[in-house]
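# Fold and contact review
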Amino acid sequence: MLVTTTSTRTAPAADATPLATARTQLATAVEHLGYDDGLHQMLATPRREIHVAVPLRRDDGTTVLFHGFRVQHNVSRGPGKGGLRYHPSVDISEVRALAMWMTWKCGIVDLPFGGAKGGIDIDPRSFSADELERVTRRYTSELMSNIGPDTDIMAPDMGTDDRTMAWVMDTYSVNRGYTIPAVVTGKPLAVGGSLGRGTATSAGIVHVTAAALKEAEIPLNAVSVAIQGFGKVGGHAARIFAERGARVVAVSDQYGGVRDDAGLDLERLTAHVEATGSVVGFDGADPVGNEELLALDVDVLVPAAVEGVLTEVTAPTVRARWVVEGANGPTTTAGDRILAANGVTVVPDVLANAGGVVVSYFEWVQANQTYWWSEQEIAEKLARRMASAYADVSALARRDGISLRDAALVIGVRRTAEAHEIRGLYP
Ligand code: GLU
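Residues numbered from 1 in each chain as written. Predicted model: local features only at pLDDT ≥ 70, side-chain atom pairs only at ≥ 80, totals over all residues. Heavy atoms only, no water.

## A look at the packing of helix H2 (residues 37–44) against helix H14 (residues 404–423)
Basically, it comes down to this: Interaxial angle, 0 to 180 degrees, is taken between N-to-C directions of lines fitted to C-alpha atoms, where a helix line uses only the stretch in contact. Strands are runs of DSSP state E lasting at least two residues, helices are runs of H or I lasting at least four, and both sets are numbered from the N terminus onward. Roughly parallel refers to an angle under 35 degrees, roughly antiparallel to one over 145, roughly perpendicular to one between 65 and 115, and oblique to any angle outside these ranges. It only takes one pair of heavy atoms within 4.5 Å for two residues to be counted as in contact. In this classification, Asp, Glu, Lys and Arg are treated as charged, Ala, Val, Leu, Ile, Met, Phe, Trp, Tyr, Cys and Pro as nonpolar, and every other residue, Gly included, as polar.
Running from N to C, H2 and H14 cross one another at 105°; their axes reach a closest spacing of 11 Å. When the interaxial angle is binned, H2 and H14 end up roughly perpendicular. On the side of H2, the interface is formed by Leu39, Met42 and Leu43, while H14 contributes Val413, Thr416, Ala417, His420 and Glu421. Taken together, the residues that form the contact of H2 with H14 break down as five nonpolar, two polar and one charged.

Laid out in structure tokens, this is it:
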């Protein structure tokens, strides 16, 4: 029997969906750039979308059906690039938005990639490793003719990890008949992964935070930070912030959060999470709710979990002076306007979390040249690229009197449109 899964997250209002947010951001950039409607439509519309049925034979012998997607939003600057997400709320609309953000993100940090994203509407926590392997291999096999090291390169995203990438790489390679490490990034070191990839998104967040603070002549070691999310992005970001002297006073996961205004003991907290699967119940701090965390009196707030958390309801409560977006799309259009009106500086997702795809690019380059760089080389190249992207965005924001988000979008959109115009329209 085939069973269809259903989403567990409550749907956002129509004007607050990730796609609505992404389209409004694009429209603002297009207006600033003075592009005509034809070019706007082209930039708003994905180049290619693939929907696949992903049936899974469960360990108990029953069959369950998932829906898989891969959206290649734009490939004018190079192959599609972007993560693969496993979450029950995944649908074509969300994947479209995430793919569009990847296009601008790759443009902002000047990578020779377009933007893509994939997803399956599965809750990975409810399935065994064997089941996840079968789902991943079936999905990859359905996409064989649409992905590849020169066409579309996947990476981990929410609900997937380096092991998922190893399965994608293996399935693709076995079907092609030889090993092709550059078809995915974010894979284990043993099969051609890059040093520094696992912590790259988080390291990038800390680099741009430091750059933003520097403009106000405030050092990292003088600020307090609250982070929503304690997973692959938020967890490492907390550690790196603390290593660089910032006081991390609150973190949370989907079950709840913890706070200690003197600074959390991250080593003990990490041990607690490893033992229990959540920050909740940590005896070295006080509990704090996820919405309450957004409203804490801190200098820097890092939403590093899901999209759409800073809305017309929560944005007015934000007391941080800087919001650094670790997640993709954590702020809705209404939330963004309120933060701007309240004088909060938002370092946007497409810049703030670009460290992951930057080191993905380094991993792809290393796989293509079959020569690997040291961890220090990667760290230096990442720091340089993030600093230069931040400087470009900040200079444009100042020159044109626009927000960092609008400036970042203008740069990403302009670089994409330039590539398109120089190549010309075929036929
Ligand atoms: N999933 C990450 C993102 O949203 C990384 C994408 C990649 O490395 O291709 O940026």
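## Some remarks on the pattern of salt bridges
Put simply, the rule reads: The rule for a salt bridge is simple: a side-chain nitrogen of Lys or Arg has to be within 4 Å of a carboxyl oxygen of Asp or Glu. Burial classification: accessible surface area is computed with a 1.4 Å probe over protein chains only, and a residue below 20% of its type maximum counts as buried, one above 50% as exposed, and the rest as partly exposed.
Per the stated rule, a full pass over the model turns up 24 salt bridges. Ionic pairing is found between Arg239 and Glu243, a salt bridge with its closest N-O pair at 3.0 Å. Highlighted residues: Arg239 and Glu243, both in helix H7 (residues 234–243), separated by four residues, approximately one helical turn. By relative accessible area, which is 55% here, Glu243 ends up exposed. In this structure, a network of salt bridges that share partners links the residues Arg85, Glu94, Lys117, Asp157 and Glu307.

## Considering the side chain of Thr331
Put simply, the rule reads: Counted as a polar contact is a pair of N or O atoms within 3.5 Å, where, for protein atoms, one must be capable of donating a hydrogen and the other of accepting one, and residues adjacent in sequence contribute only when both atoms are in side chains.
When you line up the elements, Thr331 lands in the loop between strand E12 (322–324) and helix H10 (333–341). Within the local environment of Thr331, its side chain forms a polar contact with the side chain of Glu325, the two groups lying 2.5 Å apart. Sequence-distant contacts of Thr331, that is, excluding residues within four places in its chain, are made with Thr21, Gly308, Leu310, Glu325, Asp336, Leu339 and Arg405.

## Considering the site of the ligand
Condition: Consider each residue's heavy atoms; a residue with any of them within 4 Å of a molecule or strand counts as near. Each accessible area value is a Shrake-Rupley result obtained with a 1.4 Å probe; residue values ignore everything except the protein chains displayed when judging cover.
Looking at the ligand, there are 14 residues lining it, with Lys81, Lys105, Asp157, Asn328 and Ser360 nearest. In the model, an oxygen atom of the ligand is placed 3.1 Å from a nitrogen or oxygen of the Lys117 side chain. One nitrogen or oxygen atom from the side chain of Arg197 is found 3.1 Å from an oxygen atom belonging to the ligand. When isolated, the ligand has an accessible area of 290 Å², and the protein chains bury 94% of it. Only strand E4 (80–86), helix H3 (92–108), strand E6 (152–156) and helix H12 (355–369) provide two or more residues apiece to the shell around the ligand.

## Looking at unusual backbone geometry
Omega for the bond connecting Tyr426 with Pro427 falls within 30 degrees of zero, at 5°, which places this linkage in the cis form. Tracing the backbone shows Pro427 in the segment after H14. Phi at Asp110 takes a positive value of approximately 60°, unusual for a residue other than glycine. Its place among the elements puts Asp110 in the loop between H3 and strand E5 (115–120).

## A few points about the nonpolar core
Selection criterion: Nine residue types can take part in a nonpolar core, namely buried Ala, Val, Leu, Ile, Met, Phe, Trp, Tyr and Cys, and a core is a set of them joined through side-chain atoms within 4.5 Å.
Membership of the largest hydrophobic core comes to 86 residues, with the highest contact counts inside it found for Trp104, Ile227, Phe241, Val251, Leu269, Val302 and Val347. The dominant element in this core, judged by the number of residues it contributes, is helix H6 (residues 200–215), at nine residues. Apart from the residues within four sequence positions on either side, Val251 is in contact with Ile227, Phe230, Ala238, Gly257, Val258, Leu264, Leu269, Val279 and Leu293. With 26 residues, the next largest nonpolar core counts Ile50, Leu56, Tyr86 and Ile122 among its residues.

## Quick notes on the environment of Phe282
Examined against the element boundaries, Phe282 turns out to sit in the loop between helix H8 (266–276) and strand E10 (286–288). If near-sequence neighbours (up to four positions away) are discounted, Phe282 is found in contact with Val258, Asp265, Arg268, Leu269 and His272.

## Examining H6
Which entries qualify depends on this criterion: Each helix should span, by expectation, one fewer than its residue count multiplied by 1.5 Å.
Counted at 1.5 Å a residue, the expected span for H6 with its 16 residues is 22 Å, and the 23 Å between its end C-alpha atoms agrees. With 13 of 16 residues buried, H6 lies mostly within the body of the structure. Positive backbone phi, at 55°, marks Glu217, one or two positions downstream of H6.

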